[in-house]
Amino acid sequence: MSQNNPDKDDQTSANKKTISLPISRVRLIMKSSPDVSSINQDALFLTTKATELFVQHLAVSSFNSGSGKESNSLSYSDLAHTAEEIETFHFLTDILPKKILAQDYLKSLEQMQEEDTDF
């Protein structure tokens, strides 16, 4: 007994409906790597879907541990806090640094310079 499988075009259009990131942008980002010469459509779809799931996981984790629960919002500081506090997201600390005031930065810079001169 053979099963009726949908055409490849039907599968492709169904796959496109399950993702919300623009595939063309993901392809452009992937091609910007000098190591990538060609991109398989399946790999492109899976990379796009994995990116969406990762962003969703980051947003949910940030919302749950952030201060925006009361106002039902998510802020940059929530994302930065999550990147710093949750080990899974530590690799994002350079991309999502905590914001500090210029005067606080200058104070910490002066302290670091004083510590260097002490030695």
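Details of the structure are given in the entry above.
What counts, and where the lines are drawn
- Residues numbered from 1 in each chain as written.
- Predicted model: local features only at pLDDT ≥ 70, side-chain atom pairs only at ≥ 80, totals over all residues.
- Heavy atoms only, no water.
- Helix = DSSP H or I, 4+ residues; strand = E, 2+ residues; numbered from the N terminus.
- Buried < 20%, exposed > 50% of the residue type's maximum accessible area, 1.4 Å probe, protein only.
- Polar contact = N/O pair within 3.5 Å; in protein donor to acceptor, adjacent residues only side chain to side chain.
- Contact = heavy atoms within 4.5 Å.
- Patch = residues over 30% accessible without salt bridge, like charges linked within 9 Å, V, L, I, M, F, W, Y side chains within 5 Å.
- Areas by Shrake-Rupley, 256 points an atom, 1.4 Å probe, with all protein chains shown as cover.
- Salt bridge = Lys/Arg side-chain N within 4 Å of Asp/Glu carboxyl O.

Undergrad: Account for the side chain of E52, naming residues and giving values.
TA: Of note, E52 is situated in helix α3 (residues 41-65). Using a relative accessible area of 13% as the deciding quantity, one classes E52 as buried. Polar side-chain contacts of E52 include one of 2.3 Å to the backbone nitrogen of S20. Leaving out residues up to four positions away in the same chain, E52 has contacts with T18, I19, S20 and L21.

Undergrad: Let's hear about a nonpolar patch on the surface: which residues, and what values?
TA: On the surface, F54, V55 and F91 cluster together to form a nonpolar patch covering roughly 280 Å² of accessible area. Along the polypeptide, F91 turns up in the loop between α4 (76-85) and α5 (102-118).

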